[in-house]
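# Coordinate analysis (summary)
So the chains spell out like this:
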Amino acid sequence: MGLLVLTVIVGGFFGDEGKGKVAAYLALASSYNYAVRTGSINAGHTVTFNGRVYRLRTISAGFVNKNTKLLIPPGALIKLDVFFREIEELNVRNRIYVDPNTGVIEDLHVLRERSDPVLNAIGSTFQGVGAATADRVLRRLKVARDFAELRDFLLDVPLVVNEALSRGEKVLIEGTQGTFLSLYHGTYPYVTSRETTASGVLSEVGVGPRRVDNVLVVFKAYVTRVGEGPLEGELGVSEIEKLGWVERGSVTGRLRRAAPFNFKLAERAVMLNSATCLAITKIDALFPNSRSVRSWDKLPREAKAWIEEVEVRLKRPVVLIGTGERVEDMVDRSRDLGVEL
Ligand code: IMP
Ligand code: MG
């Protein structure tokens, strides 16, 4: 057992499912050697660890494990100010690497987006990611190797990842955003500027699909969406408040729209990602008496019944269940269910 362990984490709804927390938990609990953060700075991953709240836009949530090396792949996009700020905040200078071909967002991209009528209509985060991606497609975007200040961080990320897997080391790929923000499979044009499903994430890193052991799709116990676009079953603000589902975007601070868990979307996300297993976060929002519970036995009966319904309807094991903000607030059933994470 355990010769290759490559786990890909992706969001099953519209982002903000709690992928950051799941990645942080796995990096710690399952000792991943490498954590790769895909996507870009429009996606914020929140990690509550050791009494601090981190909002990560560039560096993998796997940073919580000091032995985990942190990689930024060629298909990701960084912005130098955000990159260096996060390095200082997390104190990870000696274990963070960037591929020479990683795209670099500049201020001109942010400026260009602000005056774009389509991006205004869809509720973009205006971080310059779409504009930089367009420049990349037109072969005019600068990449990491063009910047002297990145020289010490450069590393051939696809090579390192594939060789690590061949040695039997463990690699965690942290997807960003959610399945239905996908440029191809989402609610176009109300989507982001990249392919957010497992295949797209793998292509950003440079690993083929045959190497993947676990495609872990993360769902929150309810659906949220920031920005415009369809949201089936959307609740009014007062209902959201009553349910205690009030959330704000971690990059933009905008109030997140919310709706109950959507099985139809979840089934499609399972299909689009070839999910092998699932994580459900914020179960305590549906069943407050499950808050901070860390074992399956101690979960309230109603919460267990709901999780079992999810498993029956989605035909995949729910291996991780989030019960609170802290990274350690997690029910980990992977061993009991025979899933090697
Ligand atoms: P953009 O990718 O910043 O242009 O935003 C396009 C749409 O995707 C907007 O509705 C954003 O709110 C949404 N979006 C982009 N990144 C994220 C994310 O990480 N979480 C949730 N929504 C996102
Ligand atoms: Mg987020």
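Here the structure is shown first, and the text comes after it.
Below, the structure is looked at part by part. (Residues numbered from 1 in each chain as written. Chains lettered and ligands numbered in written order. Predicted model: local features only at pLDDT ≥ 70, side-chain atom pairs only at ≥ 80, totals over all residues. Heavy atoms only, no water.)

As a further point, take unusual backbone geometry. Along the chain, Tyr188 connects to Pro189 via a cis peptide bond; the corresponding omega equals 5 degrees. Its place among the elements puts Pro189 in the loop between strand S9 (170–178) and helix H7 (198–205). Even without being glycine, Asn50 reaches a positive phi, approximately 50 degrees. Structurally, Asn50 can be placed in the loop between strand S3 (45–49) and strand S4 (52–56). (Helix = DSSP H or I, 4+ residues; strand = E, 2+ residues; numbered from the N terminus.)

Turning next to the coordination of the magnesium ion (ligand 2). Protein-derived coordination of the magnesium ion (ligand 2) comes from Asp16 (OD) and Gly44 (O), at a distance range of 2.0 to 2.3 Å. Linking Asp16 in the loop between strand S1 (5–11) and helix H1 (19–29) with Gly44 in the loop between strand S2 (34–37) and S3, this pair joins segments that are 28 residues apart in sequence. (Donors = N, O, S within 2.8 Å, 3.2 Å for Na, K, Ca; no water.)

Tallied over the full model, the rule gives 22 salt bridges. Here Glu89 and Arg52 are joined by a salt bridge, their closest N and O atoms 3.5 Å apart. Taken together, the positions of Glu89 in helix H2 (residues 80–90) and Arg52 in strand S4 put the pair 37 residues apart, joining distant regions of the chain. On the basis of relative accessibility, which here comes to 38%, the residue Arg52 falls in the partly exposed class. Of the charged contacts, one joins Glu247 and Lys220 as a salt bridge, the two residues approaching to 2.9 Å between their closest N and O atoms. In this pair, Glu247 sits in the loop between helix H8 (237–243) and strand S12 (257–260) while Lys220 sits in strand S10 (residues 214–220), placing the two residues 27 residues apart along the sequence. (Salt bridge = Lys/Arg side-chain N within 4 Å of Asp/Glu carboxyl O. Buried < 20%, exposed > 50% of the residue type's maximum accessible area, 1.4 Å probe, protein only.)

Turning next to the pairing of S4. Across five bridges, the pairing between S3 and S4 is antiparallel. Paired with Thr48 across the strands is Val53, a residue of S4. The hairpin formed by S3 and S4 contains two residues between the paired strands, and Asn50 there has a positive phi angle of roughly 50 degrees. (Pairing = 2+ DSSP bridges.)

With 14 residues, helix H11 (residues 301–314) extends 20 Å from end C-alpha to end C-alpha; this agrees with the ideal 20 Å at 1.5 Å per step. Taken together, the buried positions of H11 are occupied by Ala303, Trp306, Ile307, Val310, Glu311 and Leu314. The buried residues of H11 occupy an angular sector of 145 degrees when the element is viewed end-on, so they sit on one face. Within H11, the exposed residues directed more than 90 degrees away from the buried face are Arg301 and Val312. Buried residues along H11 sit in contact with S10, helix H9 (263–273), strand S13 (277–281), helix H10 (283–286) and strand S14 (318–322). Lys315, located one to two residues past H11, shows a positive phi value of around 60 degrees. (Expected span 1.5 Å × (residues − 1). Arc of directions from axis to C-beta. Contact = heavy atoms within 4.5 Å.)

This next bit is on the side chain of Arg333. Looking at the element boundaries, Arg333 is found in the segment after strand S15 (330–332). Discounting chain neighbours no more than four positions away, the residues touching Arg333 are Trp296, Ile307, Glu311, Val318, Val319 and Ile321.

Let us look at empty space enclosed by the protein. Scanning all chains against the criterion turns up two cavities of 30 Å³ or more. As a volume, the largest cavity reaches approximately 30 Å³. If you go around the largest cavity, the residues you meet are Val237, Ile240, Glu241, Val246, Glu247, Leu255 and Arg256. Here the residues of the lining of the largest cavity sort into four nonpolar, no polar and three charged. As a volume, the second largest cavity reaches approximately 30 Å³. Broken down by class, the residue content of the lining of the second largest cavity amounts to five nonpolar, four polar and two charged. (1 Å grid on protein atoms, 1.4 Å probe; cavity = no way out; pocket = protein on both sides within 12 Å on 5 of 7 lines; lining within 4 Å. Points joined across faces, edges and corners; volume = space filled by probe spheres on them. Nonpolar A, V, L, I, M, F, W, Y, C, P; charged D, E, K, R; others polar.)

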